[in-house]
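# Residue-level structural notes
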Amino acid sequence: MTLLGETATTGGRKGGEGEVLAIRGGRALRGTVEVLGAKNLVTKAMVAALLGESPSVLRDVPDISDVAVVRSLLEVHGVRVEEAGERGALLLDPRDVESAHMEEIDAHAGASRIPILFCGPLLHRLGQAFIPDLGGCRIGDRPIDFHLDALRKFGAVVEKLPSGIRLSAPRGLHGANIHLPYPSVGATEQVLLTAVRAEGTTELRNAAIEPEIMDLIAVLQKMGAIISYEPNRVVLIEGVPRLEGYDHRAIFDRNEAASWASAAIATDGEIFVAGAQQQEMLTFLNVLRKTGAGFEIREDGILFRRGGDLRGVTVETDVHPGFMTDWQQPLIVALTQAQGRSVVHETVYENRFGFTQALVQMGADITVYPHGLQEGPRRVPRRSLEQAAVITGPTSLRGADITVPDLRGGYSHVIAALTAEGESTVRNIGIIRRGYADFLDKLSALGADFDVVG
Ligand code: EPZ
């Protein structure tokens, strides 16, 4: 395995995104897959390494293109990155951090959203930062106003250019009182990565508390940071003048685990997800239990299966500890096989049901309500941007010619094609490599019947 595959040399722009699969569905997926470190921690921990005065070792790094993009951006800033012996371990040496050339940074434009998190660390290390235009999945506006407002509170001067954002900190970075309008994952990470070396104390209110954020806090503590959290989403960060490297094994990828769980249920198969842990998946497992799907928690992973007739459920996506937005797309494919009506309220992003069009083309009965659905008691307060999808099942799916739109939606298209009778052509599957390591190998090992045709 290489952590710097084809995708990295292209700065994450191409990465084989044009690949086409011919999938012959209707076969149950059976076997074992292993999940490594979470994309949404690993990429942030790699950025954190920039803050240290000595090298870091990050373990269980998956071979995905988002990692390659961050690796490449670190390298253009003078960080030496190399495989560190054990499978999936990366050594990140930031001792020669330097300003990168604009063209080198610009080559990463549109590749990922992670570069926004370079702001604080680069300001601390170099006194300035240039961040290219951001990419990431097209699942709504995904603005960065919380990030920029927080950085300004620390004392950063933000200048918007046509090709990106330039930041400087003429008077240094100082601790701040920040109240996020919404518990944004990225903005919380931005504050953490900036506050740890800012002068003075930062109080962050309405912080995100996702397990990946708790793991980033653990990484930063290993580096020498002082971070404590209080009830009600309050995080206190006491700035320190110097941080060292860390040695850390990343938390497992609960999004990938939930994706394979949904694949097992949708195809009426049985998949053991090695490395999955119960605690971080409690909310997902509760929903599975309500559908009647089966799971068995073992010491080294979780076994998922359909286990009989599935029942429809109502799900509301939310920030942690709620039901994660990244879990809803794969689950919806499984819900097309459930008896009766399911409702999924999406409250985190304003445009995350586009992928259902392909499922409808394949025979699913799904209606999307773009302004949400007012019915029944709700746990998550209604948001102005929310939408709802109503899935009525069970429906048999049939093969179709589909093009994947984004990471999680794309994975869901592949599961739908594997569930469907007949042959499907699934295009643009390269995008799935942003977050699913060794994806095709894992599918083969589970008995999926497909060919790469383009
Ligand atoms: C992270 O995105 C994840 N990405 C997403 O995973 C995940 O869906 C999301 O958190 C929620 O858990 C990474 O960690 C790389 P947010 P992030 O800031 O940090 C609004 C996947 O498939 N907002 O919590 O970008 C925003 O528009 C990806 O793995 C602002 O309004 O998410 C959204 O409605 C997709 N202004 C909400 O907050 C801001 O400045 C939550 O976004 C920032 C966010």
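Starting from 1, residues in each chain are numbered consecutively following that chain's sequence as written. Thresholds applied to this predicted model are a pLDDT of at least 70 for local features of residues and 80 or more for the giving and counting of side-chain atom pairs; totals over whole chains, interfaces and linings are not thresholded and use all residues. Calculation of side-chain values draws on the structure's entire complement of heavy atoms; hydrogens and water are dropped beforehand.

## Quick notes on the domain arrangement of the protein chain
Interface size, as often reported, equals the accessible area lost upon joining of the parts. Stated precisely, the cut-off is as follows: The domain limits used here are those given by an automatic or database domain assignment. Residue contacts are counted whenever heavy atoms from the two residues lie within 4.5 Å of one another. Accessible-area loss on putting two parts together, using a 1.4 Å probe and summing over both, is the definition of buried area adopted here.
When the domains of the protein chain are assigned, the result is domain 1 (20–35 + 252–452) and domain 2 (39–249). Between domain 1 and domain 2, the C-alpha centre-to-centre distance is 30 Å. Listed per partner, the contact involves 25 residues of domain 1 and 22 residues of domain 2. Surface buried jointly by domain 1 and domain 2 totals about 2100 Å² across both partners, of which 48% is contributed by carbon and sulfur atoms.

## Here's the deal with helix H10 (residues 282–291)
Because an α-helix packs 3.6 residues into every turn, residues spaced three or four apart end up facing the same way. Condition: Throughout this description, buried means an accessible area under 20% of the type-specific maximum (1.4 Å probe, protein chains only), exposed means over 50%, and partly exposed covers the range between. Working definition: helices are DSSP H or I runs of at least four residues, strands are E runs of at least two. Numbering for both runs from the N terminus. Think of the arc as the fan of directions from the helix axis to the C-beta atoms.
Those residues of H10 lying buried are Phe284, Leu285, Val287, Leu288 and Thr291. Across the axial projection of H10, the buried residues extend over an arc of 160°, all falling on one side. Those residues of H10 that are exposed and angled more than 90 degrees off the buried face are Arg289 and Lys290. In this structure, the buried side of H10 is in contact with helix H9 (254–266), strand S15 (294–298), strand S16 (301–305), strand S17 (314–316) and helix H11 (325–335). Once H10 finishes, Gly292 follows within two positions and takes phi at roughly 90°, a positive value.

## Re the side chain of Gln328
What counts is decided by this rule: Identification of polar contacts relies on pairs of N or O atoms within 3.5 Å, with a donor-acceptor requirement for protein atoms, meaning one able to donate a hydrogen and the other able to accept it, and with residues adjacent in sequence counted only if both atoms are side-chain atoms.
Along the chain, the position of Gln328 falls in helix H11. Only 3.1 Å separates the side chain of Gln328 from the side chain of Glu346, close enough to count as a polar contact. Those residues within four positions of Gln328 in sequence are excluded, and the remaining contacts are Thr317, Phe323, Val344, Glu346, Arg352, Phe353 and Phe355.

## Comments concerning the packing of helix H2 (residues 39–48) against helix H7 (residues 185–195)
Note the following rule: Interaxial angle, 0 to 180 degrees, is taken between N-to-C directions of lines fitted to C-alpha atoms, where a helix line uses only the stretch in contact. Roughly parallel covers angles under 35 degrees, roughly antiparallel covers those over 145, roughly perpendicular covers 65 to 115, and oblique covers all other angles. Take the far helix as the reference: if the near one is turned anticlockwise from it by less than a right angle, the crossing is left-handed, and if turned clockwise, right-handed. Three categories are distinguished: nonpolar for Ala, Val, Leu, Ile, Met, Phe, Trp, Tyr, Cys and Pro, charged for Asp, Glu, Lys and Arg, and polar for the others, with Gly belonging to the last.
Closest axis-to-axis distance for the H2/H7 pair is 11 Å, and the angle between their directions is 25°. Relative to H7, the element H2 is oriented roughly parallel. As for how H2 packs across H7, the hand of that crossing is right-handed. In this structure, H2 uses Asn40, Lys44, Val47 and Ala48 to contact H7, whose residues at the interface are Val185, Glu189 and Leu193. For the contact of H2 with H7, the per-class residue count stands at four nonpolar, one polar and two charged.

## Things to note about the sheet that holds strand S23 (residues 449–452)
Note the following rule: Two strands qualify as a pair provided that DSSP identifies no fewer than 2 bridges between them.
Ordered in space as S21-S22-S1-S23, the four strands form an open sheet in which the pairing is mixed. Single-partner strands in this sheet number two, and they are strand S21 (401–403) and S23. Across the sheet, the mean angle separating the axes of adjacent strands is 20° when strand polarity is ignored. When strand S1 (residues 21–24) meets strand S22 (residues 423–427), the two strands line up antiparallel, connected through four bridges. Note that in S22 the partner of Leu21 across the bridge is Val426.

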